[in-house]
Every structure is written in structure tokens, then in C-alpha cells.
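Coordinate analysis (summary)
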Amino acid sequence: MENLHESPRAFPVLESIAPVVERSRWVTFHPASAELCIERWGHLLDSVPTWKQPWHFFDGGLETVRWVFVLDVLNHCFWPDENEPLWSVRYRGNEYSGYAGLAASLKRAMESGVPVTNASFLAGLSPGTLREILAGTGEIPLLEARLENLREAGRVLLARWEGDIVNLVASAGRSAVDVVKGVVDSFSSFRDECGYRGRPVYFWKRAQLFAADLHSAFDGRDWGAFEDIERLTAFADYKLPQVLRRFGLIVYHPELAERIERRERLPAGSEEEVEIRAATVWAVEALKKAFERRGAEPTSMRVDGWLWQLGQLEYFRKYPYHLCRTIYY
Ligand SMILES: Nc1nc2c(c(CN[C@H]3C=C[C@H](O)[C@@H]3O)cn2[C@@H]2O[C@H](COP(=O)(O)O)[C@@H](O)[C@H]2O)c(=O)[nH]1
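Residues numbered from 1 in each chain as written. Predicted model: local features only at pLDDT ≥ 70, side-chain atom pairs only at ≥ 80, totals over all residues. Heavy atoms only, no water.

Per an unreviewed UniProt entry, the protein chain carries the name Queuosine 5'-phosphate N-glycosylase/hydrolase and comes from Syntrophobacter fumaroxidans. Looking at the Catalytic activity (unreviewed entry) heading of the UniProt record, one finds this comment for the protein chain: "queuosine 5'-phosphate + H2O = queuine + D-ribose 5-phosphate". (UniProt positions renumbered as here; feature names shortened; annotations may be inferred.)

**Thoughts on helix 13 (residues 271–293)**
The end-to-end C-alpha distance of helix 13 is 33 Å, a good match for the 33 Å that 23 residues give at a rise of 1.5 Å each. Two residues or fewer after helix 13 comes glycine 295, characterised by a positive phi angle close to 90°. (Helix = DSSP H or I, 4+ residues; strand = E, 2+ residues; numbered from the N terminus. Expected span 1.5 Å × (residues − 1).)

**With respect to the site of the ligand**
Looking at the ligand, there are 20 residues lining it, with Asn75, Tyr99, Lys205, Phe235 and Asp304 nearest. A distance of 2.9 Å separates a nitrogen atom of the ligand from a polar backbone atom of phenylalanine 235. Measuring from a nitrogen atom of the ligand, one finds a side-chain N or O atom of aspartate 304 at 2.7 Å. Across the complex, the protein chains shield 93% of the 660 Å² of accessible surface that the ligand would expose by itself. Broken down by secondary-structure element, the contributors of at least two residues to the shell around the ligand are helix 4 (98–111), helix 10 (205–217), helix 11 (239–247) and helix 14 (300–310). Split into classes, the residues belonging to the shell around the ligand amount to 9 nonpolar, 6 polar and 5 charged. (Near = heavy atom within 4 Å. Polar contact = N/O pair within 3.5 Å; in protein donor to acceptor, adjacent residues only side chain to side chain. Areas by Shrake-Rupley, 256 points an atom, 1.4 Å probe, with all protein chains shown as cover. Nonpolar A, V, L, I, M, F, W, Y, C, P; charged D, E, K, R; others polar.)

**Quick look at the nonpolar core**
By size, the foremost hydrophobic cluster in this structure holds 86 residues, and its most contacted members are Trp67, Phe69, Val179, Phe187, Phe203 and Phe210. For this core, the element with the most residues is helix 4, which contributes 8 residues. Excluding anything up to four places from it in sequence, phenylalanine 203 contacts Val13, Ile17, Asp192, Cys194, Gln208, Ala236, Val274, Arg277, Ala278 and Val281. (Core = buried A, V, L, I, M, F, W, Y, C linked by side-chain atoms within 4.5 Å. Buried < 20%, exposed > 50% of the residue type's maximum accessible area, 1.4 Å probe, protein only. Contact = heavy atoms within 4.5 Å.)

**Description of the pairing of strand 4 (residues 193–196)**
Taking every second residue as pointing to the same face, the buried face of strand 4 carries Cys194 and Tyr196, while none of Glu193 and Gly195 on the other face is buried. Bridge analysis of strand 4 against strand 5 (residues 199–202) gives 4 bridges, and the strand direction is antiparallel. Across the sheet, glycine 195 pairs through a bridge with proline 200, a residue of strand 5. A loop of 2 residues connects strand 4 with strand 5, the two strands running antiparallel in sequence, and arginine 197 in this loop sits at a positive phi of about 50°. (Pairing = 2+ DSSP bridges.)

**As for the side chain of aspartate 72**
Mapped onto the elements, aspartate 72 comes out in helix 3 (residues 62–73). In this structure aspartate 72 is buried but unpaired, with lysine 205 as the nearest side chain of opposite charge at 6.3 Å. Residues contacting aspartate 72, with those up to four places away along its chain left out, are Phe190, Arg206, Leu209, Phe210 and Asp213. (Lys, Arg positive; Asp, Glu negative; His and termini not counted. Salt bridge = Lys/Arg side-chain N within 4 Å of Asp/Glu carboxyl O.)

**Points about the packing of helix 3 against helix 7 (residues 143–160)**
At a closest axis distance of 9 Å, the pairing of helix 3 and helix 7 adopts a crossing angle of 140°. Overall, the two elements helix 3 and helix 7 adopt an arrangement that is oblique. Once helix 3 is placed against helix 7, the crossing between them reads as right-handed. Together, Phe69, Val70 and Val73 of helix 3 and Asn149, Leu150, Ala153 and Leu157 of helix 7 make up the contact between the two elements. (Axes fitted to C-alpha atoms, helices over the stretch in contact; angles between N-to-C directions. Parallel < 35°, antiparallel > 145°, perpendicular 65-115°, else oblique. Left-handed = near helix turned anticlockwise from the far one by under 90°.)

**Some points on helix 3**
Since the α-helix turns once every 3.6 residues, residues separated by three or four places project in the same direction. With 12 residues, helix 3 ought to run about 16 Å at 1.5 Å a step, and its terminal C-alpha atoms sit 17 Å apart, in line with that. Judged by how many residues are buried, helix 3 sits mostly within the fold: 10 of 12 residues are covered. Within the sequence span of helix 3, burial applies to Thr64, Val65, Arg66, Trp67, Val68, Phe69, Val70, Leu71, Asp72 and Val73. Where helix 3 is buried, its residues meet helix 4, helix 5 (119–123), helix 7, helix 8 (165–171) and helix 10.

**Focus: the pattern of salt bridges**
Tallying each qualifying case throughout the model produces 22 salt bridges. Residue arginine 25 pairs with glutamate 271 through a salt bridge whose shortest N-O separation is 2.8 Å. Highlighted residues: arginine 25 in the loop between helix 1 (13–23) and strand 1 (27–29) and glutamate 271 in helix 13, separated in sequence by 246 residues. Take arginine 25: its relative accessible area is 53%, and that puts it in the exposed class. Since its relative accessible area comes to 24%, glutamate 271 is described here as partly exposed. Between glutamate 82 and arginine 263 there is a salt bridge; the shortest N-O distance is 3.4 Å. Pair noted here: glutamate 82 is in the loop between helix 3 and strand 2 (88–91) and arginine 263 is in the loop between helix 12 (254–261) and helix 13, with a separation of 181 residues, a long-range link. Glutamate 82 sits in the partly exposed class, given a relative accessible area of 48%. Each of Glu258, Arg259, Arg262, Glu264 and Glu272 takes part in salt bridges that share partners, so that together they form one network.

Rendered as C-alpha cells:
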């Protein structure tokens with residue numbers, strides 16, 4: 001893979017995705033319907049909730065930076081196996097599942113004195129302690145991989161960043177892109193990259209989400225004050241394609257649609273999976289341009305947040321999302 005850091009300003013995500021969208025066989029992209037969905041749903045663009053949710057930790061300082069990092073080491077793949085219960089955690093009298101469940105479990109741990117933000121603790125984390133941190137109904141998928149990713153995070157923080165992710169964020173100056181590249185460079189679990197017809201494709205979803213979450217948590221100030229936040233792309237997860245498909249912006253080949261209807265797993269790195277993720281990132285860029293034509297100027301991150309919130313609505317859950325067991329999203 002060519003050296004990504006040739007030109008220090010290089011951020012290869014979109015240019016690596018363009019050829020996938022052009023050659024895509026399983027997923028077609030229909031930009032024409034961008035206007036329509038903004039007609040119908042665009043008014044919600046500005047209702048993207050802030051960080052002030054019961055499940056988010058926030059102390060206004062360094063512990064928040066560290067907490068957001070641990071959150072995004074684990075921020076992937078919450079759906080259960082067939083006939084398994086949905087993983088959910090109890091926090092302050094409420095049940096939370098999915099992303100909110102993960103955040104709530106880590107906030108619960110902080111409040112009960114478990115040092116989840118401490119690099120040495122993470123490097124020596126035991127399976128039993130992780131089970132306790134994530135304890136709830138059902139079991140979070142990929143528990144072993146999550147344990148390994150947390151241990152790696154602790155080891156690398158100690159080896160390269162004096163035990164503190166704050167040093168990586170500080171070293172990036174006010175560049176979100178440099179935070180993303182620093183994280184991808186340092187931690188293999190964030191290296192969300194694959195090959196497509198012999199060429200590298202970079203999604204870097206959890207690494208980009210880490211910079212975006214810092215920006216959200218600090219409301220664009222202090223540790224979230226990035227000058228280049230608009231260079232981030234959408235975060236290619238499994239919820240956005242579900243919404244974009246309902247919008248008619250991306251359309252699956254009938255054979256692929258049928259396999260997803262049947263809840264068949266897609267292998268990580270398969271052409272189908274890479275094409276779904278590439279179309280997702282690409283569609284967000286098209287929506288951003290459609291918003292600009294109507295006088296709004298959202299970043300890809302804000303369009304992403306708008307779509308992700310729509311994905312929480314019943315209307316968009318109609319079609320199942322594609323299922324891929326992966327640590328990347
Ligand atoms: N594209 C995109 N993917 C996102 C998010 C978030 C949460 N971000 C919020 C946090 C602070 C800000 O307020 C953001 O709004 C989680 N995910 C992904 O979704 C999936 C979980 O879904 P479910 O099973 O339904 O909880 C899983 O892959 C998770 O990694 C986002 O914003 N964009």
C-alpha cells in the first residue's frame with residue numbers, strides 16, 4: 001500500500017472510494033433522488049442532538065478525551081446473532097441497547113470507579129472484567145475481539161503516547177485529519193481498510209468517528225476545536241445504508257437485496273460489502289451538495305448525523321440492514 005503520508009495533507013478516503021462507486025456491480029447510486037429526500041426530511045438537519053444525552057460522559061476536560069477514545073475502540077457491531085437476545089444494559093433505571101448501550105456501560109463503569117480510561121488497566125484487561133463492564137441482557141457480539149482491541153489500545157498508548165491518548169490529539173494540532181491518521185497509524189484495530197479489484201480502499205470509520213465525537217462532545221471548542229472538520233467523510237456503518245436505501249439513493253442488485261432480506265451474512269471485505277460502504281460515503285457527499293444547492297452548508301459529518309438519527313425512526317427500519325460481523329463498524 002503506497003505510503004499514505006507522502007503529502008502530509010493527503011486524506012485518501014474519497015479518492016479511494018470513487019473507483020468502487022464507478023465499477024460497482026451490486027449497488028447502484030441514484031443521485032437524482034437526493035432532492036426528494038431533502039424535500040421530505042431535510043427540515044430535521046438542524047435537530048441532530050448534541051452530546052447532552054444521559055449515556056454520554058462529559059467532564060469538560062482530559063478524562064472526556066480518554067473516554068471518547070475507549071468508546072470508539074468499541075463502537076461497532078451491536079446486532080445479535082439470529083435467535084439471540086439484543087444486548088442491552090441497565091443504567092440509572094433505563095435500558096439502553098446498541099451505541100447508547102455501549103456509551104451507558106462505559107459511563108456506568110466510570111461512575112463505579114472502574115479505570116476504563118487508564119492505559120495500564122486496558123493493557124492488562126481480563127475477560128471477566130470486560131464482561132462486568134459490558135454486563136447486561138444478552139451478550140455484546142465479538143467480545144473476544146473487543147478485549148484484544150482494548151488491550152492493544154492500552155499497550156500502544158503506553159509504548160507510543162506516554163499512556164495517554166490526549167498526547168496523540170495534542171500532537172495533531174487542530175487537525176481532525178491528523179487525529180484520524182495518527183489513530184490509524186498507531187492502532188491496528190482502527191485500520192478500517194480493504195482491497196477492491198486490486199486497489200486499496202480506506203473507510204477509517206471508527207477513527208473518523210473519534211475525531212467527530214470529540215467535536216460533538218466539546219461542541220467544537222477546546223479538545224473538539226478542529227479547523228478541518230469539514231474534511232471528514234461519512235462514517236460507513238450499517239445504519240446509514242438502511243436509510244439511504246429507503247431514500248432510493250442506493251439500490252441493491254435484486255440478488256443482493258434478497259440475500260439481505262434473508263439476513264445472510266456478508267463476508268467482511270467482500271465486493272458486496274465494500275460497494276455498500278462506498279456507496280454510503282458517496283451518497284452523503286451527493287446529499288451535502290444537494291443541501292448546498294438549497295443554501296445550507298452542512299459538513300459531511302452533519303449530514304451523517306442527520307441520516308443516523310433518521311435511522312433510529314421506525315419508518316427507516318423497514319428494510320433490514322446488511323449484516324457483517326466486523327470490528328470496523
Ligand atoms: N454513521 C454513524 N454511525 C454511528 C454514529 C453513532 C453515534 N454517534 C453519535 C455520538 C455522538 C454524536 O451525537 C453522534 O450522533 C454510532 N454509529 C454506529 O451505528 C451503529 C450502531 O447503531 P445502533 O445499533 O442503532 O445503536 C454502529 O455501527 C455504530 O458504530 C453516527 O453518528 N454516525
